[in-house]
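# Fold and geometry: a report
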Amino acid sequence: MVPLSAYVAVSAILFMTGLLGVLIRRNFIIVLMSVEIMMNAANINLVAFSHYLESMSGQLVALFNIAIAAGEAAVGLAIIVVVFRGKISTNVDEMNLLKW
Amino acid sequence: MSDLTDFLIKLIPLLPLLAVIANGLLGSRYSHETAHRLAWGSVGLSFLCTIGVFAEIVKTGTAREVIVYEWIFGGDLSINLAFLVDSLTCMWLLVVTGVGFLIHVYSVGYMHGETGFTRFFTYMNLFMVSMLLLVMGNNYVVLFIGWEGVGLCSYLLIGYYYDKTSAAKAASKAFVVNRIGDAGFLLAIFLVFIHFKTLDYTKVFAQVSTLSPEMATAIALCLLVGAVGKSAQLPLHTWLPDAMEGPTPVSALIHAATMVTAGVYMIVRNHAIFDASPMAMEVVAIVGGGTALFAATIGLVQTDIKRVLAYSTVSQLGYMFLGCGIGAYTAAVFHVITHAFFKALLFLSAGSVIHALSGEQDIRKMGGLSQKIPWTFRLFLIGTIAIAGIPPLAGFWSKDEIMGHAFVTHNYPYYIVAAIGALLTSFYMFRLTYLTFSGPSRMDHHTEEHVHESPMVMIGPLMVLGILSVLGGLALGFPPEQGWLHHFLEPVVGAAGTHEVSTGLMVALMGVATAIALLGWGLAHFLYHVDPSAAETGAARFSGVYRILLNKYYVDEIYDFLFVEPLKRLGTLLDWFDRTIIDGLVRGVGRTAEWSSAASTWIEKHIIYAGLNVIGYSNHLAAREGRKVQSGMVHHYAGLIVAGIFLLALVVQFIVQR
């Protein structure tokens, strides 16, 4: 029987990985992927607690989350394509128009 | 018929007024001929109207009141622009319009070619209007309007040659001295109103018996002050001789024949009030007698032809006042009328002389003119004989009546004063005549060549006045105290008070008067014709007296010292006070405001604006620095979110849960 803490630990490791990816990497696609990782870390957490607490609502939210992640990926990739057409670059640092 | 008379009465002052308006407003647009025709024409028509009114008054023998315009009414005060024409007013109207008309005609010749010709006639007509209002008014206010009006015209006409300093000064002097008298007159009007609650003559005189003697004296003396100012009596006589700066027709009309007799008119008009106060009567007589003698002595030594006549006018006015003072009102009025004739004649002939000599007025530079300007000489001589009081010319009858009245009412001091005055009058008038017309010529060559007789337009009026001077006395006042004038004036001034005098005494008095006049003539004849050097030795022997007389008793100097100089000094002091203290205060207030505004400006600029600027700049700085947070870098935002979550977690961990 795998204890809850293991799930939470895996989830935390994944989340930190995703977070670091968002903060450190400059490639827009990588950042988007890191965001997906973070979201999946949250999903693992939800499913784990759902099992632990014997409640189905956690799993429901996880499924809902997956749907949102798909939408998010679609929108995000569309934005990347549009930006890329203008800038010929996927570097996040060059996309700083919304400032001041 | 009565409507017509009322209409004529209204026309009398209206006609000259229309001429004033026409000449005053439009005079510059048309020729001098039109202007003078309007001027003398209007006065002539007034004269005709006066004759019409006069005939009606003689026929009916009753006074007539005409209300032209209800002017002021309210409470118990009601003042109308209304005319009262009775026998007294009638006589004055005849003199004013008649003599005025002659002098207007004369002026056409005399003023020919002068600058301001139209202005002259405008003023003259304005004077006629004022003088007519003065004598025609039925209440004190209308009288006062006329009184001030004639004063104004006198000022304007004395200062006719306004670019001449002496004329301008004389005009101001006349005006200022007259103001003193006017103040007294105003006080009298106030007193009358306080006591009677009305200013109409008829109402006032009807209840004059309710006056207390003190009140009567007060009113009468205030009136006297006014009369003294206007009629140039002691001590306010100083303006009249200086008034000779005006053109000669002005001197004749205003300063001899009409305006200066306004004081006498006022006293006679108010004789009911004067009768109620024996003390005031005494003062009137003393003023009159004193002036008659005083001015006559000055007249003895003056060397300016017009000034001699001016002092003679003052002296004759003194006679009229003396007559009023001893109750001989009719005699006073009589003297006013005859005086108007012969004094106008004298002044106008003097004007003719001056005209002939191209403006020379000093009798020391005349002489020997009788051949060169014979008509002027004859007419001047008639005037001289008339004023000297030699029968049967006009002056004798009126002057003799005043003197006779003084004698038979046992006012012997006044009789003596009047007799001495008559002697002096006769003497200085014949002196003037001799110095001007006989003896060797003392003119300079240039003037002598240009001597010429005046034109007919000037001599004509003189002849009329000459005839009046000869016959006027006989026609109006013969026999003495029983003449036509006395009966005519009886309704106004009361019965002349015929005295039980034997014919012998009357004839004796007349003889004395004639003798006095002839004595004066004889003296003058001796001193200035037979033995001219005697006059000079006489003057040298009494040089002190001579100098005092020549300087007119130093009255002007005394007034200068007593009133004019201190007032000037007071004026300077007040001027200093005004400039330094009052203006200083005002300027101080202004400067304080200036300073405080400067200070508040400084405060606003440097403190309030600075505060506002601090707020503005700090916002600006904060914004400049703060906006750097919004870098546009996604990582920065993400980092901040993470940091925020950690902080939030820490807060929840350590603060909220604790």
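Residues numbered from 1 in each chain as written. Chains lettered and ligands numbered in written order. Predicted model: local features only at pLDDT ≥ 70, side-chain atom pairs only at ≥ 80, totals over all residues.

## Re helix H2 (residues 32–60) of chain B
Counted at 1.5 Å a residue, the expected span for H2(B) with its 29 residues is 42 Å, and the 42 Å between its end C-alpha atoms agrees. Just past H2(B), the residue Gly61(B) takes up positive phi, approximately 70°. (Helix = DSSP H or I, 4+ residues; strand = E, 2+ residues; numbered from the N terminus. Expected span 1.5 Å × (residues − 1).)

## Some words on the interface of chain A and chain B
Contacts between the two partners involve ten residues from chain A, matched on the other side by ten residues from chain B. For the side of chain A that touches chain B, the per-class residue count stands at seven nonpolar, one polar and two charged. (Contact = placed C-beta atoms within 7 Å. Nonpolar A, V, L, I, M, F, W, Y, C, P; charged D, E, K, R; others polar.)

## A closer look at helix H8 (residues 213–230) of chain B
In an α-helix there are 3.6 residues to a turn, and that puts residues three or four apart on one side. Residues and elements named next belong to chain B. If you check H8, its first and last C-alpha atoms are 26 Å apart, about what 18 residues at 1.5 Å a residue would give, namely 26 Å. The buried count for H8 comes to 13 of 18 residues, which makes it a mostly enclosed element. Backbone geometry just downstream of H8 places Ala-232 in the positive-phi region, at approximately 55°. (Buried ≥ 20, exposed ≤ 12 C-beta atoms within 10 Å, placed from the backbone.)

## Some remarks on the environment of Ser5(A)
Along the polypeptide, Ser5(A) turns up in helix H1 (residues 4–24). Between the alpha carbons of Ser5(A) and Ser89(A) there is a distance of 42 Å; along the sequence they are 84 residues apart.

## Describing the packing of helix H5 (residues 140–158) of chain B against helix H6 (residues 165–196) of chain B
When two helices pack together, you describe them by how their axes are tilted relative to each other and by the distance separating the axes. Residues and elements named next belong to chain B. For the pair H5 and H6, interaxial distance at closest approach is 8 Å and the crossing angle is 170°. Put simply, H5 runs roughly antiparallel to H6. Counting all contacts with H5, which are made through Tyr-140, Phe-144, Trp-147, Glu-148, Gly-151, Ser-154, Tyr-155 and Ile-158, the residues of H6 involved are Ala-167, Ala-170, Ala-171, Ala-174, Phe-175, Asn-178, Asp-182, Phe-185, Ile-189 and Val-192. Per-class residue counts for the contact of H5 with H6 are 13 nonpolar, three polar and two charged. (Axes fitted to C-alpha atoms, helices over the stretch in contact; angles between N-to-C directions. Parallel < 35°, antiparallel > 145°, perpendicular 65-115°, else oblique.)

## Description of the pairing of strand E2 (residues 77–85) of chain B
Residues and elements named next belong to chain B. Two strands pair when backbone bridges link them, and strand E1 (residues 64–74) and E2 are joined in this way by nine bridges, in the antiparallel orientation. Pairing of Ile-67 across the sheet is with Ala-82, part of E2. Between the end of E1 and the start of E2, which pair antiparallel, lie two residues, with Gly-75 showing a positive phi angle near 60°. (Pairing = 2+ DSSP bridges.)

## A short note on the nonpolar core
Ala344(B) and Ala418(B) are the most contacted members of the largest nonpolar core, which has 206 residues in total. Of all the elements, helix H15 (residues 329–356) of chain B adds the most residues to this core, at 18 residues. Residue contacts for Ala418(B): discarding those within four places in its chain leaves Gly289(B), Ala292(B), Tyr319(B), Leu322(B), Ile402(B), Met403(B) and Ala406(B). Judged by nonpolar contacts, the second largest core, of five residues, contains Val22(A), Phe28(A), Leu32(A) and Val92(A). (Core = buried A, V, L, I, M, F, W, Y, C linked by C-beta atoms within 7 Å.)

Nothing here speaks to function; it is geometry throughout.
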